[in-house]
Amino acid sequence: MLTVPEFATRKKRNEKITMITCYDASFARILAESPIDVLLIGDSSSMVMQGEDSTIQASMDSIEFFTKCVSKGAGGKKFLVADLPFLSTRKGIRFGVESAERLLKAGAHAVKLEGIKGNEKLVAHLTDSGIPVMGHLGLTPQFVNAFGGMKVQAKTGEAQDQLLQESILFQKCGAFSLVLECVPSAIAGRITQEISIPTIGIGAGARVDGQVLVLQDMLGFNPAFKPKFLRTYLDGKNLFLDAFQSFHEEVRSSEFPSQEESYL
Ligand code: KIV
């Protein structure tokens, strides 16, 4: 299992980090047998698992629940990062610490939080308390309303300078890694060169220290969702539909179950 100090080693050795979201024990069991480095119990669970239209609806209860499921499935074989959900970092240090505590006690090894402005003290306090923090900047989905939609961020020189400063601030406050989401690859590359903690990109190009994708997206469960950055590694939706179709047909034709599949 990857450890927090090994994130820095990976960057020094120029060895990329792979992270995939996971919300349940079945997939965690499979991912535990894969070479993927990190499982992220993301607040995208509100959309993927709960059918909501944004990550705003993710709650402490839901992320804690999904973290417990993933932790059981992963069986101690993977480094688990869990998202601090919308506003859980904005209700005072005590609330933030108690939220992170719940996620670590549910099985996470680190928490991820969106945005550094106003979160400096919390990030420093968490890291000083032995709770590793992964930062998240760029298109931070919890800010969807402020951004006016899910749009590529840091397109202007000024916004890119600000993104760089915020990345440096995350590092100064003690974060051990940083997710950069939907930003031009040039600024992601510049940040990656200027900070010593590893950057993990999603829609941030190739000049970062690792990549993260949402599991159901990379498995092709929702072919209608086609952002430019997404590569699908499986035709998941159609493979599943084929299996359901076969089961349905074989039940209707009495082909299933056979004698071998029946108790005699
Ligand atoms: O919740 C999530 O899935 C995420 C990734 C997109 C990085 O934060």
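In this text the structure is predicted, and so the values were computed from the model without any measurement.

## Some details on the domain arrangement of the protein
Split into domains, the protein comes out as domain 1 (4-233) and domain 2 (236-264). Between domain 1 and domain 2, the C-alpha centre-to-centre distance is 39 Å.

## Focus on the site of the ligand
In the vicinity of the ligand, the residues found are Thr-21, Leu-40, Gly-42, Asp-43, Ser-44, Asp-83, Lys-112, His-136, Glu-181, Ile-202 and Val-214. Considering the ligand on its own, with 260 Å² of exposed area, one finds that the protein chains cover 96% of that surface. Each residue belonging to the shell around the ligand can be placed in one class, and the counts come to three nonpolar, four polar and four charged.

## A look at the sheet that holds strand S7 (residues 199-202)
The strand order S1-S2-S3-S4-S5-S6-S7-S8 describes a closed barrel built from eight strands, whose pairing is parallel. Mean inter-strand twist for the sheet, computed between neighbouring axes without regard to direction, equals 25°. Relative to strand S4 (residues 110-114), strand S3 (residues 79-83) runs parallel, the two being bridged by three bridges. Its bridge partner being in S4, Asp-83 is matched across the sheet by Lys-112.

## Some words on a negative patch on the surface
On the surface, Glu-249, Glu-250, Glu-255, Glu-260 and Glu-261 cluster together to form a negatively charged patch. As for its position among the elements, Glu-249 is in helix H11 (residues 236-252).

## A closer look at the pattern of salt bridges
For the coordinates displayed, the defined rule picks out ten salt bridges. Residue Asp-83 is joined to Lys-112 by a salt bridge in which the shortest nitrogen-to-oxygen separation is 2.7 Å. A residue pair is termed long-range when its members are at least 10 positions apart, and Asp-83 in strand S3 and Lys-112 in strand S4 qualify at 29 residues. Neither residue differs from the other here; Asp-83 and Lys-112 are each classed as buried. For Glu-194, the salt bridge is made with Arg-190, and the minimal N-O distance between the two is 3.8 Å. Note that Glu-194 and Arg-190 are positioned in helix H9 (residues 185-194) at a spacing of four residues, about one turn of the helix. Using a relative accessible area of 33% as the deciding quantity, one classes Arg-190 as partly exposed. Through salt bridges with shared partners, a single network forms among Arg-10, Glu-15 and Asp-37.

## What to know about helix H8 (residues 157-173)
Compared with an ideal rise of 1.5 Å per residue, which puts 17 residues at 24 Å, H8 spans 24 Å between its outermost C-alpha atoms and is within 8% of the ideal. Among all positions of H8, only Gln-160, Leu-163, Leu-164, Glu-166, Ser-167, Phe-170 and Cys-173 are buried. Turning to H8, the residues buried within the fold contact S4, helix H6 (120-128), strand S5 (133-138), strand S6 (177-181) and H9. Immediately beyond the C-terminal end of H8, within one or two residues, lies Gly-174, with a positive phi of roughly 115°.

## Looking at the packing of helix H4 (residues 60-74) against helix H5 (residues 93-105)
Remark: H4 packs on H5, axes separated minimally by 8 Å, with the N-to-C direction vectors making an angle of 25°. For the element pair H4 / H5, the angle class is roughly parallel. On the side of H4, the interface is formed by Met-60, Asp-61, Ile-63, Glu-64 and Thr-67, while H5 contributes Ser-99, Arg-102 and Leu-103. Of the residues belonging to the contact of H4 with H5, the class tally is three nonpolar, two polar and three charged.

## Side note on the packing of aromatic side chains
Aromatic ring pairs are described here by two measures, namely the spacing of the ring centres and the angle between the planes. Inspection of the entire model under this criterion finds ten aromatic pairs. Pairing Phe-27 with Phe-221 gives two aromatic rings, centres 6.3 Å apart and planes at 45°, and the pair type is tilted. Of the two residues, Phe-27 sits in helix H2 (residues 25-32) while Phe-221 sits in the loop between helix H10 (215-218) and H11, which places them 194 residues apart along the sequence. For Phe-221, a relative accessible area of 25% translates into the label partly exposed. Seen from their ring centres, Phe-247 and Phe-256 are 6.0 Å apart, and the 65° between their planes marks the pair as edge-to-face. What makes Phe-247 exposed here is its relative accessible area of 51%. For Phe-256, a relative accessible area of 35% puts it in the partly exposed group.

Parameters and conventions
Residues numbered from 1 in each chain as written. Predicted model: local features only at pLDDT ≥ 70, side-chain atom pairs only at ≥ 80, totals over all residues. Heavy atoms only, no water. Domains from an automatic or database assignment. Near = heavy atom within 4 Å. Areas by Shrake-Rupley, 256 points an atom, 1.4 Å probe, with all protein chains shown as cover. Nonpolar A, V, L, I, M, F, W, Y, C, P; charged D, E, K, R; others polar. Pairing = 2+ DSSP bridges. Helix = DSSP H or I, 4+ residues; strand = E, 2+ residues; numbered from the N terminus. Axes fitted to C-alpha atoms, helices over the stretch in contact; angles between N-to-C directions. Patch = residues over 30% accessible without salt bridge, like charges linked within 9 Å, V, L, I, M, F, W, Y side chains within 5 Å. Salt bridge = Lys/Arg side-chain N within 4 Å of Asp/Glu carboxyl O. Lys, Arg positive; Asp, Glu negative; His and termini not counted. Charge placed at Lys NZ, Arg CZ, Asp CG, Glu CD. Buried < 20%, exposed > 50% of the residue type's maximum accessible area, 1.4 Å probe, protein only. Expected span 1.5 Å × (residues − 1). Contact = heavy atoms within 4.5 Å. Parallel < 35°, antiparallel > 145°, perpendicular 65-115°, else oblique. Phe/Tyr/Trp six-rings, centres within 6.5 Å; stacked < 30°, edge-to-face > 60°.

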